[in-house]
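# Residue-level structure breakdown
The primary structure of each chain is shown beneath.
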Amino acid sequence: MITVFGSINLDLVVVLPRLPKAGETVSGPDHQTFPGGKGANQALAARRAGANVRMIGAVGQDAFGALALSNMRSADVDLAGVRSLTGSTGLALIGVDAAGENQIIVASGANARVDSGWLVGGLNAGGLLMLQGEIPFPETERSIGHARNAGADVFWNPAPVPSEDLSGLLEGITTLVVNEGEAADIASRLGISGDPDAFVDRLADETHAIVVTLGARGVLAGKGPDRIQIGSPDIEPVDTTGAGDAFCGALAAALDAGTAFERALREGVAAGALACTATGAQSSAPAKEDISRLADQIV
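Quick summary incoming for the structure in this document. (Residues numbered from 1 in each chain as written. Predicted model: local features only at pLDDT ≥ 70, side-chain atom pairs only at ≥ 80, totals over all residues. Heavy atoms only, no water.)

A word on the overall build of the protein chain. Scanning the protein chain from N- to C-terminus turns up eight helices and 13 strands. Over its C-alpha trace the protein chain gives a radius of gyration of 18 Å, about what one expects of a compact globule, namely 19 Å for 299 residues. Each of the 299 residues in the protein chain was classed as buried or not, and the buried ones make up 52%. Residue pairs at least 24 apart in sequence account for 67% of intrachain contacts in the protein chain once pairs closer than 6 positions are excluded. Roughly 12,500 Å² of accessible area belongs to the protein chain as shown, and the carbon and sulfur atoms make up 50% of that amount. (Helix = DSSP H or I, 4+ residues; strand = E, 2+ residues; numbered from the N terminus. Rg over C-alpha atoms; globule rule 2.2 N^0.38 Å. Buried < 20%, exposed > 50% of the residue type's maximum accessible area, 1.4 Å probe, protein only. Contact = heavy atoms within 4.5 Å. Areas by Shrake-Rupley, 256 points an atom, 1.4 Å probe, with all protein chains shown as cover.)

Let us look at the pairing of strand β9 (residues 153-156). Here strand β8 (residues 128-131) pairs with β9 via four bridges, running parallel. Among the inter-strand pairings, Leu131 is bridged to a residue of β9, identified as Trp156. The β-α-β motif built from β8, the intervening helix α3 (residues 137-150) and the parallel element β9 has right-handed crossover chirality. Strand direction decides the pairing type here: β9 and strand β10 (residues 175-179), joined by two bridges, are parallel. Within β10, the position partnered with Phe155 by the bridge is Thr175. (Pairing = 2+ DSSP bridges. Right-handed = clockwise from strand over helix to strand, strands pointing away.)

Now for the packing of aromatic side chains. Under the counting rule described, the total for this entry stands at one aromatic pair. Considering the side-chain rings of Phe137 and Trp156, the 6.1 Å spacing of their centres and the 25° angle between planes classify their relative orientation as stacked. In this pair, Phe137 sits in helix α3 while Trp156 sits in strand β9, placing the two residues 19 residues apart along the sequence. A residue is classified by how much of its surface remains accessible, and Phe137, at 10% relative accessible area, is buried. The buried category is assigned to Trp156, whose relative accessible area is 3%. We note Lys223 situated over the ring of Phe261; from NZ or CZ to the ring centre the distance is 5.9 Å. (Phe/Tyr/Trp six-rings, centres within 6.5 Å; stacked < 30°, edge-to-face > 60°. Lys NZ or Arg CZ within 6 Å of the ring centre and 35° of its normal.)

The subject of this paragraph is helix α2 (residues 64-74). Where α2 is concerned, the buried positions are Gly65, Ala68, Leu69 and Met72. For α2, the angular spread of the buried residues around the axis is 85°, confining them to a single face. Facing away from the buried surface of α2 by more than 90 degrees, the exposed residues are Ala66 and Ser74. Buried residues belonging to α2 abut β2 (9-15), β3 (31-36), α1 (38-48), β4 (53-60) and β5 (78-85). Note on α2: the residue one or two positions beyond its end, Asp76, has a positive phi of about 70°. (Arc of directions from axis to C-beta.)

Put simply, helix α7 (residues 261-275) and helix α8 (residues 288-295) touch, their axes get as near as 8 Å, and they point 110° apart. The orientation of α7 with respect to α8, classified from their angle, is roughly perpendicular. Considering the relative orientation of α7 and α8, their crossing is right-handed. Of the residues in α8, those touching α7 at Arg263, Arg266, Glu267, Ala270, Ala271, Ala273 and Leu274 are Asp290, Ile291, Ser292, Leu294 and Ala295. (Axes fitted to C-alpha atoms, helices over the stretch in contact; angles between N-to-C directions. Parallel < 35°, antiparallel > 145°, perpendicular 65-115°, else oblique. Left-handed = near helix turned anticlockwise from the far one by under 90°.)

Taken as a whole, this structure holds twelve salt bridges when the rule is applied. Among the ionic pairs, Arg47 bridges to Asp76, the shortest N-O distance being 4.0 Å. Placement of Arg47 in helix α1 and of Asp76 in the loop between α2 and β5 is noted, with a sequence separation of 29 residues between them. Exposure remark for Arg47: the relative accessible area of 23% places this residue in the partly exposed category. The class of Asp76 is exposed, set by a relative accessible area of 55%. For Asp185, the salt bridge identified is with Arg189, shortest N-O distance 3.4 Å. Linking Asp185 with Arg189, this pair stays in helix α4 (residues 180-190), spanning four residues, or about one helical turn. Via salt bridges that share partners, Arg263, Glu267 and Asp296 belong to a single interconnected network. (Salt bridge = Lys/Arg side-chain N within 4 Å of Asp/Glu carboxyl O.)

A word on the environment of Gly87. Checked against the element boundaries, Gly87 lands in the loop between β5 and β6 (90-96). Taking relative accessible area as the criterion, Gly87 reaches 47% and is therefore assigned partly exposed. Once the C-alpha coordinates of Gly87 and Ile135 are considered, the two residues, 48 residues apart in sequence, prove to be 16 Å apart. When near neighbours in sequence (up to four residues on either side) are disregarded, Gly87 contacts Gly60, Gln61, Asp62 and Arg113.

Here we take up α7. An α-helical turn contains 3.6 residues, so a residue and the one three or four places further along point in the same direction. Compared with the 21 Å implied by 1.5 Å per residue over 15 residues, the 21 Å span of α7 between its first and last C-alpha is a close match. For α7, a buried count of twelve out of 15 residues is recorded, marking the element as mostly surrounded by other parts of the structure. Elements that come into contact with the buried residues of α7 comprise β11 (209-213), β12 (219-223), β13 (226-230), α6 (243-256) and α8. (Expected span 1.5 Å × (residues − 1).)

Written out as structure tokens, the structure is:
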């Protein structure tokens with residue numbers, strides 16, 4: 001069982017001819033509304049990749065709350081641990097250009113008031129806790145402690161990277177997933193090299209798997225003495241918004257199922273690539289059979 005403790009948003013997406021510069025207004029023809037939030041995105045992606053998933057988080061008592069939960073509910077994600085709090089649901093404003101690149105502004109809403117205490121009694125030995133970076137970092141830290149006490153593994157994708165002290169970064173973390181920018185940010189504060197190879201070499205050991213996603217170049221990872229680099233398949237990108245979350249969800253689902261680390265990475269890469277071929281963060285999360293089929297083709 002995967003338990004996701006993280007953000008739940010509603011995404012408002014506008015397709016633009018180009019992304020605006022600071023102080024500039026760029027118009028698009030229309031907008032679309034999608035359930036989102038990195039926690040919810042990864043919960044749905046893991047569920048579509050075949051895992052049993054429980055979501056722990058919060059929405060507001062406004063018109064956006066039910067919409068933000070709709071995809072997870074349809075996919076049979078367990079939502080019993082989602083609270084409805086006074087105030088607003090988290091909201092993301094997303095611009096996407098013709099090449100599929102994006103800019104995102106997030107209003108945290110109820111996500112700023114989640115409580116790691118909601119996890120107590122809900123984590124089990126052998127289970128997997130998934131965390132991201134869109135909820136308050138103190139709650140993330142406390143949730144890692146709850147997972148350690150329960151004997152659960154912890155999968156952390158610190159996106160965005162928290163501003164707090166990261167000197168104890170790996171304590172309690174089983175799998176760390178970052179992109180190149182996040183790796184460089186973390187490395188600068190730890191006083192180590194932000195080069196992906198050096199970053200993995202420095203932090204990966206027998207109990208910590210380190211994964212750096214490289215966009216169109218695939219992924220670099222390490223666990224113990226093993227170093228693995230997997231290229232990404234050629235695709236025509238439509239929208240990159242949900243690629244990282246699809247990668248994380250599929251990777252976590254594979255690891256939760258006991259899949260070998262290298263194969264799990266291939267499934268994550270396949271899911272991330274497939275997510276780039278459709279619009280929206282959750283709507284682009286691929287199904288297990290499609291992930292497996294593409295993963296078989298990745299060299």
